[in-house]
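This is what each chain is made of:
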Amino acid sequence: MTMMKVNLLVLMAWLFSLNCPAQTVFQKIYGDTVNEEGFALCKSKHDNGFVVTGRWQKNINNIKCLIVKMNAIGDTVWTKILNNAGNSSGRSIIQTKDSGYVIVGSIDLAGNNNALVIKLNKSGQTMWCKTYDFFGEMDYGRSVIEAPDGNLFVIGNTSPGYTYPFLMKLDKSGNLKWSKVYQSIYTRNAESHTFTSDGKIAISGTTNDSVSTATNPLLFKVDTINGNFIWAKMLIGPLGSAFYSVINNTSNELVIGGGTQDFTNVLRSVILTKFDQNGNMLDFKSYNECHSSVGYKLLQNSSGGYALTGFILPCSLTSLNSFIYLLNPGGQLLAHSLFGNTTSKMAGWDILEDNNNGFVITGSEENQANTTQKDDISLIKTNATGIAPCNVFSSTISVTSHTPQFFSTSFTNTTGITSATLQPVFTKKMKVTTHCLIVGTPDEDQAGSILQIWPNPSMDSFKVNMALNEISEVKILNINGQDIKHTITSSSDDMTILLDKESASGIYFLTVTKKDGKVLHAKLIKQN
């Protein structure tokens, strides 16, 4: 048998094992024998992957902040669990301008809950980790954004009796520059924040400014110089409502996704609301199914419309499901998908748009058919129309415009915070489970067990996350099993593969044999 035939047989076997390699959508769950949940995710721009943060929970006294790095097809690259004493959780994550990551959440230090901020480099190594304590009370970090100069603005909530939002400005090293707590005679919560087109910060959340104990939507604006309050708007009725996610769109409007009791006060509905920069309401739409639904995370997509995820109890099922709504710039529903079935309970907590105009959603999935009924992290990759590989169905959604009245309200600015450096202790423990898998290879939960390729597609040059001194052989085959000429250069951290300029556009198959005998595969896409 010729070498070409051997190569072709190996290639065919590999293609068969990948099932459907040409597709770019998947659904995966991540976990072990305990509960895990993904609350937030961000793009890993240097390699087209993703990073999710959330919680790992063995029991109510053993809850840990969890951080998972995935590659572009959802296989885990590294996992970190914060193993310090005291319960902890991650609630927000961003990739910073230096390609590192900042995670915001909370940690219990001897019965006193503190806001938690962790900085990792792009390889997952700890750069710094700090805690922040307001009034010696219960403090929770909720969201983080990065300014052009690298400073960080973190929001959260503190509870010295009533619950109040806070905002703090940190430098690149996590040192506190200033902080503000926004107090009133009512309980209020911050959920999300964004830079505005006029250089301020808008914060969305909830308030109890009424005779009822039910929550209502809240939006307020502060400056970035020292966090001083500018204006606030709240909705009184319908009751049981919240603004969960705020963005500043390309038309210089503030757009908020959330949930509300419908206007008969029976069911919860997804809502989309627009304000101008002065807090005047421009539009208010509800998206109504026959059962309850809540919109938790909103983004403006590359077409100028919006993508929204959350959770829904659809008419056709008896358990919660995650969803994606795709809306045009005016808020009209273009497409939607629901993810789940009768034996699972799913929630979508965060969403982003990938480089191919598809969407990635993280959250949780509980398999109710399993007697343990434990949660796992869910990661769903859809195409540009919101379609994922399986467990996807539609429902009937009606869109209704409303003109509710928003009232002005105010805050009192106060300060009072201490910060401390925490020495984090990370452990690694996670596996990925095939779940409607379309693209992917088995995960070994070790950095270096998966080839990361970027850019991919490329004209001829591909970077690989492995140094040449780790490798005994590199082989590239075309679709016919023929060897392809290439050259390789290497740095201390990665290598660059340059395909022959005469090679045609199309798919090529990379096989890397490491010195420890491990064989890794990846697909290269060349575009001339």
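Located above this text is the structure these notes cover.
Keep in mind the model is a prediction, meaning the values are calculated, not measured. (Residues numbered from 1 in each chain as written. Predicted model: local features only at pLDDT ≥ 70, side-chain atom pairs only at ≥ 80, totals over all residues. Heavy atoms only, no water.)

**A few points about the overall build of the protein**
Scanning the protein for helices and strands turns up one helix and 42 strands. A buried classification covers 57% of the 528 residues belonging to the protein. A separation threshold of at least 6 residues defines the contact pool for the protein, and within that pool the share at least 24 residues apart is 55%. If you sum the accessible surface of the protein, you get close to 21,000 Å²; carbon and sulfur atoms cover 53% of it. (Helix = DSSP H or I, 4+ residues; strand = E, 2+ residues; numbered from the N terminus. Buried < 20%, exposed > 50% of the residue type's maximum accessible area, 1.4 Å probe, protein only. Contact = heavy atoms within 4.5 Å. Areas by Shrake-Rupley, 256 points an atom, 1.4 Å probe, with all protein chains shown as cover.)

**Notes on the packing of aromatic side chains**
Taken as a whole and judged by the stated rule, the model has 12 aromatic pairs. Ring geometry for Phe 134 and Phe 166: centres 4.2 Å apart, planes at 25°, overall stacked. Separated by 32 residues along the polypeptide, Phe 134 in strand S9 (residues 126-134) and Phe 166 in strand S12 (residues 164-170) bring together distant segments of the chain. Using a relative accessible area of 1% as the deciding quantity, one classes Phe 166 as buried. Plain terms: the ring middles of Phe 311 and Trp 349 are 5.6 Å apart, the flat faces sit at 65° to each other, and that makes the pair edge-to-face. With Phe 311 in strand S23 (residues 306-312) and Trp 349 in strand S26 (residues 344-353), the pair connects residues that are 38 residues apart, well separated along the chain. (Phe/Tyr/Trp six-rings, centres within 6.5 Å; stacked < 30°, edge-to-face > 60°.)

**Things to note about the environment of Lys 58**
Here Lys 58 shows up in strand S3 (residues 49-59). Take Lys 58: its relative accessible area is 54%, and that puts it in the exposed class. Counting along the chain gives 22 residues from Lys 58 to Glu 36, while the straight-line C-alpha distance between them is 8.8 Å.

**Focus on the nonpolar core**
Ranked by size, the top nonpolar core spans 18 residues in total, and within it Leu 451, Ile 453, Val 464, Ile 476, Ile 497 and Leu 510 carry the most contacts. Mapped onto this core, the elements with two or more residues apiece are strand S37 (461-464), strand S38 (471-477), strand S40 (495-499), strand S41 (506-514) and strand S42 (519-526). When near neighbours in sequence (up to four residues on either side) are disregarded, Ile 476 contacts Gln 482, Asp 483, Ile 484, His 486, Ile 497, Leu 499, Tyr 508, Phe 509, Leu 510 and Leu 524. (Core = buried A, V, L, I, M, F, W, Y, C linked by side-chain atoms within 4.5 Å.)

**Quick look at the environment of Gly 161**
Note that Gly 161 resides in the loop between strand S11 (152-159) and S12. Counting along the chain gives 24 residues from Gly 161 to Glu 137, while the straight-line C-alpha distance between them is 8.7 Å.

**Some details on the state of the cysteines**
Evaluation of the coordinates by the stated rule reveals zero disulfides. Here Cys 65 is not cross-linked by a disulfide; its sulfur's nearest cysteine counterpart is in Cys 129, at 8.5 Å. By relative accessible area, Cys 65 is classed as buried at 0%. (Disulfide = S-S within 2.5 Å.)

**With respect to the pairing of strand S15 (residues 201-207)**
With respect to burial, S15 is a largely interior element, seven of its seven residues being buried. Note: strand S14 (residues 188-195) against S15, seven bridges, orientation antiparallel. What sits directly across from Ala 190, in S15, is Gly 205. With antiparallel pairing between neighbouring strands as the criterion, S14 and S15 make up a hairpin whose turn holds five residues, including Gly 199 at a positive phi of roughly 80°. With seven bridges connecting them, S15 and strand S16 (residues 216-222) associate as antiparallel partners. The residue bridging Ile 201 from the neighbouring strand is Val 222, located in S16. (Pairing = 2+ DSSP bridges.)

Geometric descriptors of this kind do not, in isolation, establish any biological role.
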